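Chain by chain, the residues run as shown.
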Amino acid sequence: METTFPPLKNDLLLRAARGEQTERAPVWVMRQAGRYLPEFRETRKDHEFFDICRTPELATEVTLQPIRRYKGLLDAAIIFSDILVIPQAMGMEVQMKPGPFFPDPLVNPSDVSKLSPTVDVDKELGYVFKAITRTRTMLEGEVPLIGFCGAPWTLMGYMIEGGSSKTMEKAKTWIFKYPEESKALLLRIADICVDYLVGQVKAGAQLLQIFDSNAGDLSPYDFITFSLPTLQHISTKLREKLASQSLPSVPLTLFAKGASPTLAARAGYDTIGLDWTVDPRDVASLPVEVALQGNLDPSVLFGGRDAIDREVCRMSEAFLAARGGVCRGWIANLGHGITPGVDPDDLRFFFECVHKYSSPGSKAGN
Ligand SMILES: Cc1c2[nH]c(c1CCC(=O)O)Cc1[nH]c(c(CCC(=O)O)c1C)Cc1[nH]c(c(CCC(=O)O)c1C)Cc1[nH]c(c(C)c1CCC(=O)O)C2
């Protein structure tokens, strides 16, 4: 059953993601539906985090909150959910208290047998698909809708660490002590990612982003050995399945935080997300068809208007210079998620600065 959606009025994001030249950079921010917004905190007061994810009406509502507030300034919506819905679908319990907490993490490879042997994504994650279809309809074509999932290495890390970790000691113990079992688990997660992302496109997602937020914990060699093959597996299989099911070949973004962008670019994605430690001019050697996303340090949003203006101008100069003085294949974003303490009006100012500086005719382009 195909749903027909209202025609898209703003395709800036999709054009930039395909490496095209645009009149200015499209802009959105990671975690744009979140705790820095008073309207999100209001919804959150009455509902648990994962209840919002599992209730399409609520997930749609919070996805649309930043779109309403920043109408005309924000160029994409991202479906409200979490990367940890995949471990849940595999049979693990995950609580948010306030950070992620797994009461029963994977301790050693024999624990993998506790996971569901197969995952029927329609059954386990159908609530995300419903939320996507509902959101895409309610967006009325205002901006495109982004779907997402966590990358296998980042998800395996949470499943073994049992939550966020500074050192990733336990997950790294696995890759060094049990490399084959680790690779098998990573591939198993990758296959679920593929089915989950196909389902998101079927439901109406117009671009997909894979978050390998913990990629930077791996040495280049270990990123190549453990993470990269799974990221390649996802991009290849996903494109094959989308084609064989006559689904749209949506652009794919890889945000491998802390990984070398040239290594990340080997994974075969349309867009590479950059964190704020990267100068875009240093990745100018990537083919121009590969779009770039990023990469303002999220903390600049705490620096006041002068700092935001100055830093967005500097970021724009760097991205325009990296692309030979034109705005080509650049999606403006932060270099990681927006933090809860940001004043929503300062974020508005950030969007206005991107609109002002990201075109070649601006101060940053000259
Ligand atoms: C690592 C990761 C997670 N989740 C996600 C990542 C990858 C991106 C990144 O690196 O930040 C992805 C994510 N999580 C959330 C979204 C929603 C869409 C969006 O607006 O970007 C997305 C894309 C909502 C969320 N996910 C979470 C919140 C805040 C929880 C709350 O409302 O209480 C939101 C809005 C919770 C969450 N979820 C996760 C953590 C570590 C935390 C706690 C950290 C924190 O408190 O910010 C796992």
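What comes next concerns the included structure. (Residues numbered from 1 in each chain as written. Predicted model: local features only at pLDDT ≥ 70, side-chain atom pairs only at ≥ 80, totals over all residues. Heavy atoms only, no water.)

This part is about the overall build of the protein. Helix and strand counts for the protein come out as 13 helices and 9 strands. Over its C-alpha trace the protein gives a radius of gyration of 20 Å, about what one expects of a compact globule, namely 21 Å for 366 residues. Each principal axis of the C-alpha atoms in the protein carries an extent, and together these give about 60 × 45 × 40 Å. By residue count, 58% of the 366 residues in the protein fall in the buried class. Counted over contacts in the protein with a minimum sequence separation of 6, partners at least 24 positions apart contribute 75%. (Helix = DSSP H or I, 4+ residues; strand = E, 2+ residues; numbered from the N terminus. Rg over C-alpha atoms; globule rule 2.2 N^0.38 Å. Buried < 20%, exposed > 50% of the residue type's maximum accessible area, 1.4 Å probe, protein only. Contact = heavy atoms within 4.5 Å.)

Our focus in this paragraph is the nonpolar core. Membership of the largest hydrophobic core comes to 136 residues, with the highest contact counts inside it found for I86 and F350. Here this core takes 12 residues from helix 9 (residues 179-203), the largest share from any one element. Beyond its immediate stretch of four places on either side in the chain, I86 contacts L125, C149, L155, I189, I192, C193 and Y196. (Core = buried A, V, L, I, M, F, W, Y, C linked by side-chain atoms within 4.5 Å.)

Glancing now at the pattern of salt bridges. Taken as a whole and judged by the stated rule, the model has 20 salt bridges. Here E23 makes a salt bridge to R15, at a shortest N to O gap of 3.2 Å. What makes R15 partly exposed here is its relative accessible area of 22%. Residues R305 and D346 are paired through a salt bridge, measuring 2.8 Å at the closest nitrogen-oxygen approach. Here the residue R305 occupies a position in helix 12 (residues 304-322), and D346 occupies one in helix 13 (residues 344-357), the gap between them amounting to 41 residues. Taking relative accessible area as the criterion, R305 reaches 38% and is therefore assigned partly exposed. Here the salt bridges share partners, and the residues they tie into one network are K9, K71 and E142. (Salt bridge = Lys/Arg side-chain N within 4 Å of Asp/Glu carboxyl O.)

Within the structure, the ligand sits among 23 residues, and R31, R35, D82, S213 and H336 are positioned closest to it. A distance of 2.6 Å separates an oxygen atom of the ligand from a polar atom in the backbone of R31. Here Q32 contributes a backbone N or O atom positioned 3.1 Å from an oxygen atom of the ligand. Calculation on the ligand without its partners gives an accessible area of 870 Å², and the protein chains cover 90% of this total. (Near = heavy atom within 4 Å. Polar contact = N/O pair within 3.5 Å; in protein donor to acceptor, adjacent residues only side chain to side chain. Areas by Shrake-Rupley, 256 points an atom, 1.4 Å probe, with all protein chains shown as cover.)

Next up on the list: the pairing of strand 6 (residues 252-256). Within strand 6, 5 of the 5 residues are buried, leaving the element largely enclosed by the surrounding structure. Covered by surrounding structure in strand 6 are L252, L254 and A256 together with T253 and F255, the residues of both alternating faces. In terms of strand pairing, strand 5 (residues 207-212) meets strand 6 through 5 bridges, oriented parallel. Bridge pairing in strand 6 links D212 to A256. With helix 10 (residues 220-244) bridging strand 5 and the parallel strand 6, this β-α-β connection has right-handed handedness. When strand 6 meets strand 7 (residues 271-273), the two strands line up parallel, connected through 3 bridges. Paired with T253 across the two strands is T271, which belongs to strand 7. (Pairing = 2+ DSSP bridges. Right-handed = clockwise from strand over helix to strand, strands pointing away.)

A171, W174 and I175 are the residues of helix 8 (residues 169-177) that are buried. One face of helix 8 carries all of its buried residues, which in axial projection span an arc of 90°. Away from its buried face, by an angle of more than 90 degrees, helix 8 presents the exposed residues E169, F176 and K177. Next to the buried residues of helix 8 lie helix 7 (152-161), helix 9 and helix 10. (Arc of directions from axis to C-beta.)

Two elements in contact, helix 6 (residues 121-138) and helix 9, have axes separated by 9 Å at closest approach and are oriented at 35°. Here the hand of the crossing between helix 6 and helix 9 comes out right-handed. Across the interface between the two elements, V121, L125, V128, F129, I132 and T133 from helix 6 touch I192, D195, Y196, G199, Q200 and A203 from helix 9. For the contact of helix 6 with helix 9, the class distribution of residues is 8 nonpolar, 3 polar and 1 charged. (Axes fitted to C-alpha atoms, helices over the stretch in contact; angles between N-to-C directions. Left-handed = near helix turned anticlockwise from the far one by under 90°. Nonpolar A, V, L, I, M, F, W, Y, C, P; charged D, E, K, R; others polar.)

In short, the description is geometric, and any link to function would need to be established separately.
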